[in-house]
Amino acid sequence: MNPAERVRIVTETARAVLEGRLDAVVGAQTLALQEEQIAPHLRSDRIDVTQAEADSVALTLRRLGEQVSDLSPTRHDPEALLEMARILGELAQTLR
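This section reports on the structure supplied with the text. From a predicted model like this one, the values you see are computed outputs, not experimental measurements.

So, on to the overall build of the protein chain. Scanning the protein chain from terminus to terminus reveals five helices and zero strands. Secondary structure elements of the protein chain, listed N to C terminal, follow the sequence α-α-α-α-α. Taking 2.2 N^0.38 as the reference for a compact globule, 96 residues should give roughly 12 Å; the C-alpha atoms of the protein chain span a radius of gyration of 13 Å, in line with that estimate. Principal axes of the C-alpha set define a box for the protein chain whose edges measure 40 × 20 × 20 Å. Buried positions account for 40% of the 96 residues belonging to the protein chain. Taking contacts inside the protein chain between residues at least 6 apart in sequence as the whole, the part at least 24 apart equals 79%. As displayed, the protein chain offers around 5500 Å² of accessible surface, 50% of which is attributable to carbon and sulfur atoms.

Here is the structure:
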């Protein structure tokens, strides 16, 4: 499976938090479950695509992690934001 397809739910969860449609605490919990489910598969997905494709997906995940960590801690739970950024970074690292 293409890693972009596999992480679609992860990117949608992060974007929902960025757009204010989902609370950061719920987003962090959701990403933790998603990471548990898809991380083992990303390693094998990485083999099935070009390095450029895997790098593109990893870059998207890293950028979302940066955007999440830049959200205002006065409007969102700071620990949840850090957890979300950590998970996005770990998933990105899996694709490298």
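In terms of nonpolar packing, the biggest core is built from 24 residues, with Val7, Val10, Leu61, Leu88 and Leu91 touching the most fellow members. Breaking this core down by element, the ones donating at least two residues are helix 2 (8-18), helix 3 (24-48), helix 4 (51-69) and helix 5 (78-94). At seven residues, the largest contribution of residues to this core is made by helix 5. Excluding anything up to four places from it in sequence, Val10 contacts Leu31, Gln34, Ile38, Leu61, Leu88 and Leu91.

Residue placement: Thr94 occurs in helix 5. A distance of 2.9 Å separates a polar side-chain atom of Thr94 from the backbone oxygen of Glu90. Setting aside residues up to four positions removed in sequence, Thr94 forms contacts with Ala39, Leu42, Arg43 and Arg46.

The axis of helix 3 is deflected most strongly, by about 45°, at Ile38, and proline Pro40 appears within four residues downstream. Buried within helix 3 we find Ala24, Gly27, Ala28, Leu31, Gln34, Glu35, Ile38, Ala39, Leu42 and Asp45. In this structure, the buried residues of helix 3 make contact with helix 1 (3-6), helix 2 and helix 5. For helix 3, the N-terminal cap is Asp23; the gap from its side-chain oxygen to the backbone nitrogen of Val25 is 3.0 Å.

Before going further, it helps to examine the environment of Ala24. Checked against the element boundaries, Ala24 lands in helix 3. Take Ala24: its relative accessible area is 0%, and that puts it in the buried class. In the structure, Ala24 is positioned 56 residues away from Ala80 in sequence and 5.6 Å away in space, judged by C-alpha atoms. Once residues lying within four places of it in the same chain are set aside, the contact partners of Ala24 are Val17, His76, Asp77, Ala80, Leu81 and Met84.

What counts, and at which threshold
- Residues numbered from 1 in each chain as written.
- Predicted model: local features only at pLDDT ≥ 70, side-chain atom pairs only at ≥ 80, totals over all residues.
- Heavy atoms only, no water.
- Helix = DSSP H or I, 4+ residues; strand = E, 2+ residues; numbered from the N terminus.
- Rg over C-alpha atoms; globule rule 2.2 N^0.38 Å.
- Buried < 20%, exposed > 50% of the residue type's maximum accessible area, 1.4 Å probe, protein only.
- Contact = heavy atoms within 4.5 Å.
- Areas by Shrake-Rupley, 256 points an atom, 1.4 Å probe, with all protein chains shown as cover.
- Core = buried A, V, L, I, M, F, W, Y, C linked by side-chain atoms within 4.5 Å.
- Polar contact = N/O pair within 3.5 Å; in protein donor to acceptor, adjacent residues only side chain to side chain.
- Bend = angle between axes of the 7 residues up to and from the residue.

None of this, on its own, says anything about what the molecule does.
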